[in-house]
Amino acid sequence: MADEQKIVVEVPSSSGHYSPFPIPQLSKLEEFKKGWIQAIALPDNLPDLAYSLVSSVAIPALLSSCWVSVPMPGFIRLGVLGLLAIAGIIVMYLRQSVPEVKDILLLRVGLVAVGVLLGI
């Protein structure tokens, strides 16, 4: 009898986070909005905020500089312009469907525009 293993069963206390009722889940639309709000929001700490703002200007500046100076075939330029058009449509859709991100989205698009103008 000494060789038998003991089975320990933990029972949640009534004062804990256990609830016998299911927690209501967010709808798919609310999860979509919450995900985009978290993705577009500016970081809370200063180093991440600085990195985010600088990269929003520097990366488009680098890409637009390459666009102007590196010779590329016409079909590649057309493909990139098509992708930019699709990205613009997505930004306009997000602006209308998630009004909580309108100001921050406008700031981010403005920083990207400044970066593109600096690169040209």
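Provided above is the structure to which this section pertains.
Criteria and cut-off values
- Residues numbered from 1 in each chain as written.
- Predicted model: local features only at pLDDT ≥ 70, side-chain atom pairs only at ≥ 80, totals over all residues.
- Heavy atoms only, no water.
- Helix = DSSP H or I, 4+ residues; strand = E, 2+ residues; numbered from the N terminus.
- Buried < 20%, exposed > 50% of the residue type's maximum accessible area, 1.4 Å probe, protein only.
- Contact = heavy atoms within 4.5 Å.
- Phe/Tyr/Trp six-rings, centres within 6.5 Å; stacked < 30°, edge-to-face > 60°.
- Core = buried A, V, L, I, M, F, W, Y, C linked by side-chain atoms within 4.5 Å.

A few points about the side chain of Ser 52
(1) Moving on: Looking at the secondary structure, you find Ser 52 in helix H2 (residues 46-69).
(2) Moving on: Residue Ser 52 is classed as buried on the basis of its relative accessible area of 11%.
(3) Moving on: Sequence-distant contacts of Ser 52, defined by excluding residues within four places in its chain, comprise Pro 43 and Arg 108.

Concerning the packing of aromatic side chains
Here a ring pair, both rings aromatic, is described through the centre-centre distance and the interplanar angle of the planes.
(1) Moving on: Tallied over the entire structure, the rule returns two aromatic pairs.
(2) Moving on: Ring geometry for Phe 32 against Trp 36: centres 6.4 Å apart, planes inclined by 70°, an arrangement best described as edge-to-face. One end of the pair, Phe 32, and the other, Trp 36, are both in helix H1 (residues 28-40), four residues apart, so they sit about a helical turn from each other.
(3) Moving on: Relative accessible area serves as the criterion here: at 31%, Trp 36 is assigned to the partly exposed category.

Some details on the nonpolar core
(1) Moving on: Counting five residues, the largest nonpolar core consists of Ile 40, Leu 94, Val 98, Val 101 and Leu 105.
(2) Moving on: Discounting residues that sit within four places of it in the chain, Val 98 has contacts with Phe 32, Lys 33 and Ile 37.

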